Amino acid sequence: MSRKQTAIAIVLVFCFSLSPLAAFTFEYNESLSKASDITLGLTLVTPGVLGLIAPSSDYIAIVSSYAGTMVSAYGIRTVLKHVIHKPRPYVQDGVPLPDGVDPAENYESFPSGHTLMAFSAAAYTQTMQALFYPASTTMKAVSATTWALALGTAALRIASGSHDIIDVAAGAAIGSAIGFLGPYLTYRLLQRDSNAPHILAGPVVGMQVSF
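No experiment lies behind these values; they were computed from the predicted model shown. (Residues numbered from 1 in each chain as written. Predicted model: local features only at pLDDT ≥ 70, side-chain atom pairs only at ≥ 80, totals over all residues. Heavy atoms only, no water.)

Colleague: Looking at this structure, how should I read the packing of helix H5 (residues 113-132) against helix H6 (residues 137-159)?
Modeller: Angle between the axes and distance between the axes are the two parameters that describe a pair of packed helices. At a minimum axis distance of 9 Å, the contact between H5 and H6 shows a crossing angle of 165°. By the criterion of interaxial angle, the relationship of H5 to H6 is roughly antiparallel. In terms of crossing hand, the pair formed by H5 and H6 is left-handed. Here His114, Thr115, Ala118, Phe119, Ala122, Ala123, Thr125, Gln126 and Gln129 of H5 come into contact with H6, specifically with Met139, Lys140, Val142, Ser143, Thr146, Trp147, Ala150, Leu151, Thr153, Ala154 and Arg157. Here the contact of H5 with H6 is built from residues that sort into ten nonpolar, eight polar and two charged. (Axes fitted to C-alpha atoms, helices over the stretch in contact; angles between N-to-C directions. Helix = DSSP H or I, 4+ residues; strand = E, 2+ residues; numbered from the N terminus. Parallel < 35°, antiparallel > 145°, perpendicular 65-115°, else oblique. Left-handed = near helix turned anticlockwise from the far one by under 90°. Contact = heavy atoms within 4.5 Å. Nonpolar A, V, L, I, M, F, W, Y, C, P; charged D, E, K, R; others polar.)

Structure follows, in structure tokens:
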């Protein structure tokens, strides 16, 4: 069995193992739903601490990498929600919708967008720390904080009755993958750039080629 087939098998087993848990849902709670908005916002801004410890020469790479990662995460989240049309846990035949919910989102339950975005930010931060700043104790603390906030967001999405466990698990898996790929591709791109020809401008104009 190839690595790709093995990965697919693991994902399928994971999904099937979670399916019995999907029956465990909570009644909708507007306060907890709003709390998840706050924890998501905190998760998304926490990686900004990178700007305080990174050298100014890294700013462009960090900003473009994080922006690209989060735009990709939001795009994938939006496409999946509109294609899959999974009902929210509180959407039931003959049962009035709870106060405070947006009817336009009744069939946008899969995956959990809050969880996907939060885990993208957490995975992004940890991957940046591991690849670019492995010795930074500050970045390790920031990474741990983003994961705690992301997990809190996921828990609140379930506890608020906005999603079931399947929605949140899918959001966490997809978000983590996107959050890893952004910094990893940036790292590989910068490695390639470091081996590319460089023009040296000064009293003598020349070219430096490194291998």
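There's more to say after this.
Colleague: Please explain helix H4 (residues 59-84) as it appears in this structure.
Modeller: Side chains that are three or four residues apart share a direction in an α-helix, a result of its 3.6 residues per turn. Compared with an ideal rise of 1.5 Å per residue, which puts 26 residues at 38 Å, H4 spans 37 Å between its outermost C-alpha atoms and is within 8% of the ideal. Along H4, the positions that sit buried rather than exposed are Ile62, Ser65, Tyr66, Thr69, Met70, Ala73, Arg77 and Lys81. Downstream of H4 by a residue or two, His85 has a phi angle that is positive, lying close to 55°. (Expected span 1.5 Å × (residues − 1). Buried < 20%, exposed > 50% of the residue type's maximum accessible area, 1.4 Å probe, protein only.)

Colleague: How should I be thinking about the nonpolar core in this particular structure?
Modeller: One broad trend across soluble globular proteins is that nonpolar side chains are buried collectively. Counting residues in hydrophobic clusters, the biggest one holds 24 residues, and the most contacted among them are Leu50, Ile62, Met117, Tyr124, Met128 and Tyr133. Every element with two or more residues in this core is listed here: H4, H5, H6 and helix H7 (165-194). Tallying contributions element by element places H5 first for this core, with eight residues. Tyr133 has contacts with Leu50, Ala54, Pro55, Asp58, Ile62, Met128 and Met139, leaving out every residue within four places of it along the chain. (Core = buried A, V, L, I, M, F, W, Y, C linked by side-chain atoms within 4.5 Å.)

Nothing here speaks to function; it is all geometry.
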